[in-house]
Amino acid sequence: MTPGSGLQAGLKNRHLSMIAIGGVIGAGLFVGSSSGIATAGPGILLSYALVGTLVVLVMRMLGEMSAANPTSGSFSAHADRALGRWAGFSIGWLYWFFWVVVLAVEATAGAKILEGWVPAVPQWGWALIVMIVLTATNLVSVGSYGEFEFWFAGIKVVAIGAFVVIGLLAVFGVLPGVDADKASFGNLTSHGGFLPHGPGAILTGVLLVVFSFMGSEIATLAAGESEDPQRAVTKSTNSIIWRIGVFYLGSILVVVSLLPWDDPSIAKDGSYVAALNSLGIDHAGQIMNVIVLTSVLSCLNSGLYTASRMAFSLGERGDAPKAFARVNSRGVPMTAILASVVFGFVAVFFNYLSPDTIFLFLVNSSGAVALFVWLVICFSQLRMRKIIQREAPEKLVVKMWLYPYLTWATATLIVGVLVYMLFDTEHDGRQTVLLSLLVAAIVLGIAVVRQRLAARPAPAAESPADKVSVG
């Protein structure tokens, strides 16, 4: 393949399978679950189940569109066709913005862990090293990204799988050396009941856990560079139910069964570390730090890949500089990768320079993008189903259940979560939505202006008959 001719199919089926599985296991699951448990108690399981159901439905819609038309632009390209250029432009750039901010957040989180191990290197130094290494990985080839992600995701999957098995053995009282009185399903209803803070805490819990699910859609972006895109999308879409069931609901169930939800160690050490410590496992904190670091590196790796492929797709459609759509002889969009990582480096710099002002604005203003993306997927699918049925009905190999009723119900639920966030002042929900809406309004405004300028007829050339002779 010659330079500039497009992306290459460098991802193997095993890469896609592990990217799909690992995509739903973000560092947010390990780090952010503690605050959710403190807010909702054991009822946090309902919060995870509610968001998990939402993600399953949205992924089913996205799977339907992506199986019919696999592309590196995924939902942005589908929105472009189904809703208009303004929609593809807006959601594509918002999604890119979300992931380049994530690069800075995850680089900082990884740097903190590494600095604890090797304090001779300052935190900013580790952040720089991590960013450079993973940038180099993505620049080599898509295959090297896939290989790194295969092993990163593999470690996460094995770790959570082992955690669930060991935890359940302890709860059932068949793990040696565990106090059966403390590890019990009774922890789900004792200490104030299943919903110690009332049913309203379930929705508050939703706000705290919803963003840890972002990443499930990465497999549909990566499918465009796989050997068999349609098969890859179908497989990842069909398997998302058990992935969320095991990795999210299964592991959180184990945590709140091993320990009472109000145990101080959950807030102090983190939910998973506290659960491992309760089993008397030596060096539990360090073991979990290794797993969290792996998740951070995986998220960084995938974030850079995802941001660059979205930038590539925007470049292909004329919604970004044309240079973003150029690839080298290995099928790597170097300009798109470097542009994404430069913004990530700038965000890391702001994290150290002004963490409570500029960086906080960046994080909050990208916070609700996940919900915006899911809402656009809903409306795109409502239109795209009719287009596919009219033009190529044989491509409907994945179908959204109970169309269009379940699609409308999902969109209504997403809007409901956004509205609820507007009334949440305790956990910064209102600030996150308002700042995200501000950024979305700016991007949407640019999209509308561009579309109107493009629609203007070019001034007609002056014909000789129109010229007036001056004597």
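Worth saying up front: this structure is predicted, and the values here are computed from it rather than measured. (Residues numbered from 1 in each chain as written. Predicted model: local features only at pLDDT ≥ 70, side-chain atom pairs only at ≥ 80, totals over all residues. Heavy atoms only, no water.)

### Section: the packing of helix H7 (residues 142–171) against helix H14 (residues 284–316)
The criterion, for reference: Interaxial angles span 0 to 180 degrees and are taken between N-to-C directions of axes, which are lines fitted to C-alpha atoms, for helices over the stretch in contact. Here a helix means four or more residues in a row that DSSP labels H or I, a strand means two or more in a row labelled E, and each is numbered from the N terminus. Should the near helix be turned counterclockwise from the far one by less than a right angle, the crossing is left-handed, whereas a clockwise turn marks it as right-handed. Two residues form a contact once any of their heavy atoms are found within 4.5 Å. Throughout this entry, Asp, Glu, Lys and Arg are counted as charged residues, while Ala, Val, Leu, Ile, Met, Phe, Trp, Tyr, Cys and Pro are counted as nonpolar. The remaining residues, Gly among them, count as polar.
Between H7 and H14, the shortest axis-to-axis distance is 9 Å and the interhelical angle comes to 145 degrees. Considering the relative orientation of H7 and H14, their crossing is left-handed. For the pair formed by H7 and H14, the contact residues are Val142, Tyr145, Phe148, Glu149, Phe152, Ile155, Lys156 and Ala159 on the first element and Ile291, Thr294, Ser295, Leu297, Ser298, Asn301, Ser302, Tyr305 and Arg309 on the second. Of the residues assigned to the contact of H7 with H14, the class counts are 9 nonpolar, 5 polar and 3 charged.

### Thoughts on the confidence of the model for the protein chain
Close reading of the predicted structure is inappropriate where its pLDDT is low. Quick reminder of the rule: For every residue, the predictor states its confidence as a pLDDT score lying anywhere from 0 to 100.
Per-residue confidence for the protein chain gives a mean pLDDT of 85; residues scoring 70 or more make up 93%. Every residue in residues 467–471 is under pLDDT 50, and counting partners more than four places away or in other chains gives 1 contact.

### Focus: helix H15 (residues 334–353)
The following threshold applies: To estimate how far a helix should extend, the number of its residues minus one is multiplied by 1.5 Å. Throughout, exposure labels follow a simple rule: accessible area from a 1.4 Å probe, protein chains only, divided by the maximum for the residue type, with under 20% read as buried, over 50% as exposed, and the rest as partly exposed. Here the arc refers to the set of directions running from the helix axis out to each C-beta atom.
For H15, spanning 20 residues, the distance from its first C-alpha to its last is 28 Å, which sits close to the expected 28 Å at 1.5 Å a residue. Those residues of H15 that fall on the buried side of the exposure criterion are Ala336, Ile337, Ser340, Val341, Gly344, Ala347, Val348 and Asn351. Seen along its axis, H15 keeps its buried residues to an arc of 115 degrees; they face one direction. Along H15, exposed side chains directed more than 90 degrees from the buried face belong to Val342 and Leu353.

### Brief notes about the packing of helix H6 (residues 123–140) against H14
The axes of two packed helices give the description: the angle between them and the distance between them. Note the following rule: The labels follow the angle: roughly parallel below 35 degrees, roughly antiparallel above 145, roughly perpendicular from 65 to 115, and oblique for the rest.
One can describe the packing of H6 onto H14 by two numbers: an axis separation of 10 Å at closest approach and a directional angle of 50 degrees. If you check the angle between H6 and H14, you find them oblique. In this structure, H6 meets H14 at a crossing whose hand is right-handed. Between H6 and H14, the contacting residues are Val130, Met131, Leu134, Thr135, Thr137 and Asn138 on the first element and Leu297, Leu300, Asn301, Leu304 and Tyr305 on the second. Tallied by class, residues from the contact of H6 with H14 come to 7 nonpolar, 4 polar and no charged.

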